[in-house]
Amino acid sequence: MKTKHLYINTIGCQMNVYDSEQIAKGLTVLGYKLTSLPEKADLIIVNTCTIRKKAEQKAFSFLGRMTGLKRKKPDLIIGMGGCVAQQEGQKILQRVPHLDLVFGTNAIGRLPGMIKTITAKKCRIVDIKMSGQIEELDFIEDKHHTGKVSSFVTIMQGCDNYCTYCVVPYVRGRETSRNPDKIINEICGLVESGVREVTLLGQNVNSYGNKEGLCTFPELLARVNEIDGLLRIRFTTSHPKDLSTDLMLAFKDLNKMCNHIHLPIQSGSNRVLKRMNRKYSRKLYLEKIDKLRDICSNMAITSDIIVGFPGETRTDFQETLDLIKKVEFDGLFAFKYSDRPNAAAARFEDKISEKEKKERLQQVLTLQAHFTTQKNKELVGSTQSILVEGLSKKQTRIDKPIINDDVQWTGRTSTNKIVNFSRRDNALSCEQILTGRMVKVRIVKAHSHSLWGEPVSIVPMFLGLRGEKSYVA
Ligand code: 5AD
Ligand code: SF4
C-alpha cells in the first residue's frame, strides 16, 4: 500500500487530542502516516472546538490558510471534524468551498470509509449522525515504543448537566460511559507501548458508569491502579456536585493516583452559580475542598472561572475574587463568558460589556498569578518524584552524543507542576534511561510556571510511587 500523509490540526480540549489520536490510528489502515507539514499532506483534518467563539474562529481561519494548498494539489482531501463540525454540519460546506468532508463527534469510526469514498468518487460528504452509543474503534494498537510517556484515555462521552453557558451537551450528546474492560485493555496496550501515565477523560468523570449500571468511577480507578507497568493515574474533569467521599479516599488509598484535582468552580457567587445551573453552592464547594485537603493534605487543586456571565454584578465578581483567595488554587483557567448557539445563557439579557469582561479577567489572572508563584515557591527545598516526559523545550533534540555536557530534562510532579532539571551525562544513553522513569529531584528554584531542580536519585523501574527503594544515579 502506498504511504500517504496525514496532517491533523487539533484545537481545543484533551478530548480532542485523544480523538485526533484515534483518527490517526484509524487511518493507518488506509496507509496514512502522520506528518507535521501541511504542504506534504494528502489529507488534512482540522479537529475543532466550539466551547468559545474564539476557538471556532481559529478553525475557519486555519481552513482559509489551506486554500492555496488545495489549488496547487487538487487531489488533497480536506476535512473538518469535532464540535464545530457537529454544530454547523452542512452549512460549513457552503462557507468553505474547498472543504471535502464534515464529520461530527460520533463519526470517527466511519472516517476511513468516508475517505475511501471521497478518494474514489471525488464527492463531498457530511456525517454528523449521533448514535448515542460509544463506537469502539476497530484498529490494532501499535505496541512499538513510541517515546510517549503520558496518554489520554476517554472513558465517557457527552454530558447531561446542561450548564446554561455550555455547548457540550449539544455537540457531544448525552452522557455515555465506555465499558470498563475496553478501557483496561486500551491502557494495557498503551503501557506495552511505553506509556507510564494515563489521564482518564470525561466531562464529568464522577458520574462514570451510573447510567449504564457499570462499575463506579472509584472502582474503575482501583482496576486501573492494578495495571503493571503503569506508574501514574490522573483524570479530568470532576463536577463539584458529584465529587464523592469515595473518590476523595481513592487519592489516599490508590498508590498510583496523582495528588491533583481539576475542580471547576466557574463563579464564587451563589446567584451566578444558580443561573449557570451548576447545582452546588459556594459553601458546598468550599466544604468539599476542606474535606479533600483533610483526607489528602498534599493535594494540588486547579479550577476554571468564567468572568462576565450575563447579569454578573460587581458584587458577584468580588465573591469570585474572594473565593480564589480562600481556596488558594495551584492554578486557574479563566475565561471571558462567550455566547454559544443553543446554550440557554445566550438568550439571557443583561450581557456584560467586552471592556468589563476584559477588566475582570485581568483581575482574576493577576490575583491567581500571586498564588501560583507562592505555591511554586513553597516547593523549593523539597524533594519531588518526577515522571520524566523527555528532553526539555530548550533541549528538543540531540543529534549526537554529548559527552560530559548538561542535558536538560522535563517532567511533572504528582501535583502536575512542571520540573526541569539537568544531568551531566552521555546524552543519548541518558535519554534512553530517563524518559518514562521516575526521578527524585530536589527543587532549587521556582519560576512562575515551572520549577528547576537537581536530580537526587532514579527510582528503579516499576516500583511505583510510594515506599520505593532508590539508588543514587
Ligand atoms: N464562555 C466562556 N467559557 C466557557 N467555558 C465553557 N463554556 C464557556 C462559555 N460559553 C469554560 C468553562 C469550562 C471550560 C472548559 O470552558 O470554564 O469549565
Ligand atoms: Fe458543559 Fe456543564 Fe457538562 Fe461541563 S458539566 S461539559 S460545563 S454542561
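Quick summary incoming for the structure in this document. (Residues numbered from 1 in each chain as written. Chains lettered and ligands numbered in written order. Predicted model: local features only at pLDDT ≥ 70, side-chain atom pairs only at ≥ 80, totals over all residues. Heavy atoms only, no water.)

Comments concerning the site of ligand 1
No. 1: Looking at ligand 1, the residues that line it are Ile51, Arg52, Tyr165, Gln266, Asp304, Ile306, Phe335, Lys336, Tyr337, Ser338 and Arg340.
No. 2: Taking arginine 52, its side chain carries an N or O atom lying 2.9 Å from an oxygen atom of ligand 1.
No. 3: Tyrosine 165 is positioned with one of its backbone polar atoms (N or O) 2.9 Å from a nitrogen atom of ligand 1.
No. 4: Look at ligand 1: alone it shows 410 Å² of surface, and the protein chains cover 86% of it.
No. 5: Put simply, the parts of the chain that give the shell around ligand 1 at least two residues each are strand E13 (300–307) and strand E14 (331–336).
No. 6: Each residue belonging to the shell around ligand 1 can be placed in one class, and the counts come to five nonpolar, two polar and four charged. (Near = heavy atom within 4 Å. Polar contact = N/O pair within 3.5 Å; in protein donor to acceptor, adjacent residues only side chain to side chain. Areas by Shrake-Rupley, 256 points an atom, 1.4 Å probe, with all protein chains shown as cover. Helix = DSSP H or I, 4+ residues; strand = E, 2+ residues; numbered from the N terminus. Nonpolar A, V, L, I, M, F, W, Y, C, P; charged D, E, K, R; others polar.)

Brief notes about the sheet that holds strand E1 (residues 4–10)
No. 1: Overall, parallel pairing links the six strands, which are arranged E2-E1-E3-E4-E5-E6 in an open sheet. The sheet is open, and its two borders are formed by strand E2 (32–34) and strand E6 (125–127), each paired with just one other strand. In this sheet, adjacent strand axes meet at a mean angle of 20° when their direction is disregarded.
No. 2: When strand E5 (residues 101–103) meets E6, the two strands line up parallel, connected through three bridges. (Pairing = 2+ DSSP bridges. Axes fitted to C-alpha atoms, helices over the stretch in contact; angles between N-to-C directions.)

Comments concerning the site of ligand 2
No. 1: Around ligand 2, the surrounding shell consists of Cys159, Asn161, Tyr162, Cys163, Tyr165, Cys166, Val168, Pro169, Gln203, His239 and Arg278.
No. 2: In terms of residue class, the shell around ligand 2 is made up of seven nonpolar, three polar and one charged.

Here's the deal with the packing of helix H8 (residues 180–192) against helix H9 (residues 217–225)
Think of two packed helices as two axes; the pair is described by the angle between the axes and how far apart they sit.
No. 1: Interaxial distance between H8 and H9 falls to 10 Å at its minimum, and their mutual angle equals 30°. With respect to their mutual orientation, H8 and H9 come out roughly parallel. In this structure, H8 meets H9 at a crossing whose hand is right-handed. Here Pro180, Asp181, Ile183, Ile184 and Ile187 of H8 come into contact with H9, specifically with Leu220, Arg223 and Val224.
No. 2: Residues belonging to the contact of H8 with H9 are distributed by class as follows: six nonpolar, no polar and two charged. (Parallel < 35°, antiparallel > 145°, perpendicular 65-115°, else oblique. Left-handed = near helix turned anticlockwise from the far one by under 90°. Contact = heavy atoms within 4.5 Å.)

Let's talk about the pattern of salt bridges
No. 1: Under the defined criterion, the tally for this structure stands at 29 salt bridges.
No. 2: Across the salt bridge formed by lysine 70 and aspartate 100, the nearest N and O atoms sit 2.8 Å from each other. Here lysine 70 is found in helix H3 (residues 67–72), whereas its partner aspartate 100 is found in the loop between helix H5 (91–95) and E5, with 30 residues between them in sequence.
No. 3: Owing to a relative accessible area of 14%, lysine 70 belongs among the buried residues under this scheme. (Salt bridge = Lys/Arg side-chain N within 4 Å of Asp/Glu carboxyl O. Buried < 20%, exposed > 50% of the residue type's maximum accessible area, 1.4 Å probe, protein only.)

Remarks on the sheet that holds strand E7 (residues 150–154)
No. 1: Strand order in the open sheet formed by three strands is E7-E10-E11, with parallel pairing between adjacent strands. The outermost strands of the open sheet, each flanked by one partner alone, are E7 and strand E11 (232–236). Adjacent strand axes in the sheet meet at a mean angle of 25°, parallel and antiparallel pairs treated alike.
No. 2: Relative to strand E10 (residues 197–201), E7 runs parallel, the two sharing five bridges. Bridged to valine 153 within E10 is leucine 200.
No. 3: Packed onto the sheet, H8 meets E7 and E10 and runs at close to 165° relative to E7.

A closer look at unusual backbone geometry
No. 1: In this structure, threonine 237 follows threonine 236 across a cis peptide bond, with omega equal to 5°.
No. 2: Relative to the elements of secondary structure, threonine 237 occurs in the loop between E11 and helix H10 (245–253).
No. 3: Phi at aspartate 350 is positive, roughly 50°, even though this residue is not glycine.
No. 4: You can call aspartate 350 partly exposed: its relative accessible area is 46%.

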